[in-house]
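Take a look at the letters that make up each chain.
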Amino acid sequence: VRLLNCTINGNSVTNSSYASGGAISNSSCPLVQIINCTISGNVVNGTNTRGSGIYNSSSTTVLLVNSAIVGNSTPNDAAGTGLHNISTSPKLMNTTMANNGVGGIYSDANSTPELQNSIIWGTVSGNYTANYSLIKGASVTSNGNIDASGVTAASIFTDDSNGIYTLKNGSP
């Protein structure tokens, strides 16, 4: 599956117990490429919610390039509101994640997302590798990563309060 130059916005998934994949739900798909896309404003409702932006499972190979996962939500601010991974290790390149409730990325023990030159402005739960990235709350500067100590959304994005996630001049 290849999504190119798209916007996926305003979708809702509701289930009384398990609900996942508000915008995209991948399971056992051999390859998913998401390039130059915006995934925003999607909602998952239920008592056990996952991945309002993207839900990946079962060794799906996922590549996100030059994309934004922003403004997705669940009523219970579950882990991985933006990106939820089960037995899947997606690669994010030049991708921005922000304003997805408290849960940016969640990965189980069988998942290790790779972040390359990306901004993840939300919680990252589980293992991951990062190179040349800015991750909220992370102070590790190895592999060219940027120390996020003292950095705020307002110091990174042009106008985060209005959903404009382009980098402002002088952004770290």
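A quick note: this is a predicted structure, and the numbers were derived from the prediction, not measured.

Colleague: Would you mind showing me how to read unusual backbone geometry here?
Modeller: Glycine aside, the phi torsion of most residues is negative, and most peptide linkages are trans. Phi at Ser 28 is positive, roughly 60 degrees, even though this residue is not glycine. Along the chain, Ser 28 turns up in the loop between strand 5 (24–27) and strand 6 (32–35). With relative accessibility at 52%, the residue Ser 28 sits in the exposed group. In this model, Tyr 132 sits at a positive phi of 55 degrees, which is unusual for a non-glycine residue. When you line up the elements, Tyr 132 lands in the loop between strand 18 (129–131) and strand 19 (134–135). You can call Tyr 132 exposed: its relative accessible area is 51%.

Colleague: What am I meant to see in the packing of aromatic side chains here?
Modeller: By convention here, two paired aromatic rings are described through the distance between centres and the angle between planes. Taken as a whole and assessed by the stated rule, the structure comprises one aromatic pair. Each ring, one from Phe 157 and one from Tyr 165, has its centre 5.2 Å from the other, and the planes form 85 degrees; the classification is edge-to-face. The burial state of Phe 157 is the same as that of Tyr 165; both residues are buried.

Colleague: Looking at this structure, how should I read the sheet that holds strand 1 (residues 2–4)?
Modeller: In a beta sheet, neighbouring strands pair by backbone hydrogen bonds and run either parallel or antiparallel. Taken together, the six strands give an open sheet; going across it, the order is 1-6-11-14-16-18, and neighbouring strands pair in parallel fashion. Looking at which strands have only one partner, the edges of the open sheet turn out to be strand 1 and strand 18. Averaged over all adjacent pairs, the angle separating strand axes in this sheet is 10 degrees, with direction ignored. Direction of pairing for strand 11 (residues 62–65) relative to strand 14 (residues 91–93): parallel, over a ladder of three bridges. In the strand pairing of strand 14, Leu 63 is matched with Lys 91.

What counts and what doesn't
Residues numbered from 1 in each chain as written. Predicted model: local features only at pLDDT ≥ 70, side-chain atom pairs only at ≥ 80, totals over all residues. Heavy atoms only, no water. Helix = DSSP H or I, 4+ residues; strand = E, 2+ residues; numbered from the N terminus. Buried < 20%, exposed > 50% of the residue type's maximum accessible area, 1.4 Å probe, protein only. Phe/Tyr/Trp six-rings, centres within 6.5 Å; stacked < 30°, edge-to-face > 60°. Pairing = 2+ DSSP bridges. Axes fitted to C-alpha atoms, helices over the stretch in contact; angles between N-to-C directions.

Purely geometric numbers; function is a separate question.
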